[in-house]
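Chain by chain, the residues run as shown.
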Amino acid sequence: MPARVDPCLATLVDRPPKGPDWAFEVKWDGYRIALHIEPSRVRIITRGGYDWTDRFPSIADDGRRLAVKTAILDGEAVVLDYQGRSDFGMLQRALGRLPSAVESGAIVCYAFDILYLDGRDLRRQPLRERRRLLEPLVAGREGAIRLSEEVQADGDEFFRVACAHGLEGIIAKHVEKPYRSGRGDWWQKITCKRHDSFVVVGFEPSTVPGHLGRLLLAAQKGNELVYVGGCGTGWSHDLSRELRSLLEGMATKTPAVSLRRKNAVFTEPVLIAEVEYRAWTDDGKLRHASFKGIRQREDEASVFDMASLRV
């Protein structure tokens, strides 16, 4: 049984693919995790390769109840809002990064693939066969581990309905392909709005004392961070004050990016902001960016890479 499997990553495309070999799922907005079930323990490994078992105790506990001896499940840890939509901000609060009324037990894992089962490595099997083995294990469950439903439908119509219901987007998967680590076109994502992760490198204070005016953001470019603009919306009155206090404790006189801005307070590049935006400017800056939540730098695999952007 592999100690870790690098996840298969979806490629961003403009429209859903067509044809009978494609199946579709909801695109969940949370933390990508691999659930490793072994005879003597259960481990939860993040996309970046970190052991976060202690942060998802309800998922780990439920994993012990599955009718398997050994398994690796691929899925997404999320918190659902009152309309059943995944909410990244609620997930962050449940994890305890910011003050919250959301309990950690509200976090659930939507499993969408199985890579290993009772001594068999399934990665060379086509997706349709892996799903055939996964579904009896988790379908119909209402615990912390649930099935991410697969839909055989017209991709354009499914995407339209997903966006109309306020979802982040959809994922298209080729049912005849094996599981391949890394990014490829056998998994594709179509988003209702663009949604990526950027390193927080500083902030600009608000004119309201003690509050946040604007986050300063950076993306990866080779081995360096480059400034990509900022966002000044997306937080409540209370969250603005909490974020300001959090960032002030990380202030530094040495900026992580080459940037001079009057009144800017630069911070250590240890937090990652989830940001929703419409497009990029010609000089590589975010347009109409809105804050959605905070990640930790440990999960750096998700930081936006400028190599994927042509400007």
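### Side note on the overall build of the chain
Helix and strand content of the chain: 5 helices and 18 strands. On C-alpha atoms alone, the chain measures out to a radius of gyration of 20 Å, which is about the 19 Å that the 2.2 N^0.38 rule sets for 311 residues. When the backbone C-alpha atoms are referred to their principal axes, the chain occupies close to 60 × 40 × 40 Å. Looking at the 311 residues of the chain, the share that counts as buried comes to 52%.

### Here's the deal with empty space enclosed by the protein
Here the structure, examined in full by the defined rule, presents 1 cavity of 30 Å³ or more. A volume near 90 Å³ is recorded for the largest cavity. What lines the largest cavity is a set of 14 residues, among which V5, P7, I33, A34 and D74 lie closest to the centre. Taken together, the elements giving at least two residues each to the lining of the largest cavity come down to β3 (31-37), β4 (42-46) and β5 (71-78). For the lining of the largest cavity, the class distribution of residues is 9 nonpolar, 1 polar and 4 charged.

### Considering the pattern of salt bridges
Within this structure, the stated rule accounts for 27 salt bridges. A salt bridge links R131 to E25, with the nearest nitrogen and oxygen atoms 3.7 Å apart. Of the two residues, R131 is situated in helix α3 (residues 127-138) and E25 in strand β2 (residues 22-26); the sequence distance between them amounts to 106 residues. Judged by relative accessible area, which is 3%, E25 ranks as buried. The salt bridge involving R131 is made with E135; its shortest N-O contact spans 3.4 Å. Of this pair, R131 and E135 both sit in helix α3, 4 residues apart, which is roughly one turn of the helix. Overall, R131 belongs to the buried group, its relative accessible area being 2%. Judged by relative accessible area, which is 31%, E135 ranks as partly exposed.

### As for the packing of aromatic side chains
Aromatic ring pairs are reported here in terms of the distance separating the ring centres and the angle at which the planes meet. Tallying each qualifying case throughout the model produces 13 aromatic pairs. Every member of this aromatic cluster is reached through a ring pair, and the members are Y31, W52, F56 and F88. The ring of W52 is capped by R55, whose NZ or CZ atom sits 4.1 Å from the centre of that ring. Over the ring of W186 we find R180; its NZ or CZ atom is 4.8 Å from the centre of that ring.

### Considering helix α4 (residues 155-164)
Taken together, the buried positions of α4 are occupied by G155, F158, F159 and A162. The buried side chains of α4 occupy one side of the element, clustering within an arc of 100 degrees when seen end-on. Buried residues belonging to α4 abut β2, β9 (169-174) and β10 (182-191). Here α4 starts with a cap whose side-chain oxygen sits 3.3 Å from the backbone nitrogen of D156, and that cap is D154. Where α4 terminates, the next one or two residues include G166, which has phi positive at roughly 80 degrees.

### Some words on unusual backbone geometry
We note that N263 has phi near 75 degrees; this positive angle belongs to a residue other than glycine. Unusually for a residue other than glycine, H288 sits at a positive phi of about 55 degrees. The topology assignment puts H288 in the loop between β17 (286-287) and β18 (290-296).

### A closer look at the layout of surface pockets
The volume enclosed by the second largest pocket comes to roughly 570 Å³. In this structure, the second largest pocket is lined by 26 residues; those nearest its centre are D29, S86, D87, E276 and K292. Listed by contribution, the elements that provide at least two residues to the lining of the second largest pocket are α2 (88-94) and β18. Looking at the lining of the second largest pocket, the element that brings in the most residues is α2, giving 5 residues. Considered class by class, the residues forming the lining of the second largest pocket number 9 nonpolar, 7 polar and 10 charged.

Here is what the cut-offs are and how they apply
- Residues numbered from 1 in each chain as written.
- Predicted model: local features only at pLDDT ≥ 70, side-chain atom pairs only at ≥ 80, totals over all residues.
- Heavy atoms only, no water.
- Helix = DSSP H or I, 4+ residues; strand = E, 2+ residues; numbered from the N terminus.
- Rg over C-alpha atoms; globule rule 2.2 N^0.38 Å.
- Buried < 20%, exposed > 50% of the residue type's maximum accessible area, 1.4 Å probe, protein only.
- 1 Å grid on protein atoms, 1.4 Å probe; cavity = no way out; pocket = protein on both sides within 12 Å on 5 of 7 lines; lining within 4 Å.
- Points joined across faces, edges and corners; volume = space filled by probe spheres on them.
- Nonpolar A, V, L, I, M, F, W, Y, C, P; charged D, E, K, R; others polar.
- Salt bridge = Lys/Arg side-chain N within 4 Å of Asp/Glu carboxyl O.
- Phe/Tyr/Trp six-rings, centres within 6.5 Å; stacked < 30°, edge-to-face > 60°.
- Lys NZ or Arg CZ within 6 Å of the ring centre and 35° of its normal.
- Arc of directions from axis to C-beta.
- Contact = heavy atoms within 4.5 Å.
- Polar contact = N/O pair within 3.5 Å; in protein donor to acceptor, adjacent residues only side chain to side chain.

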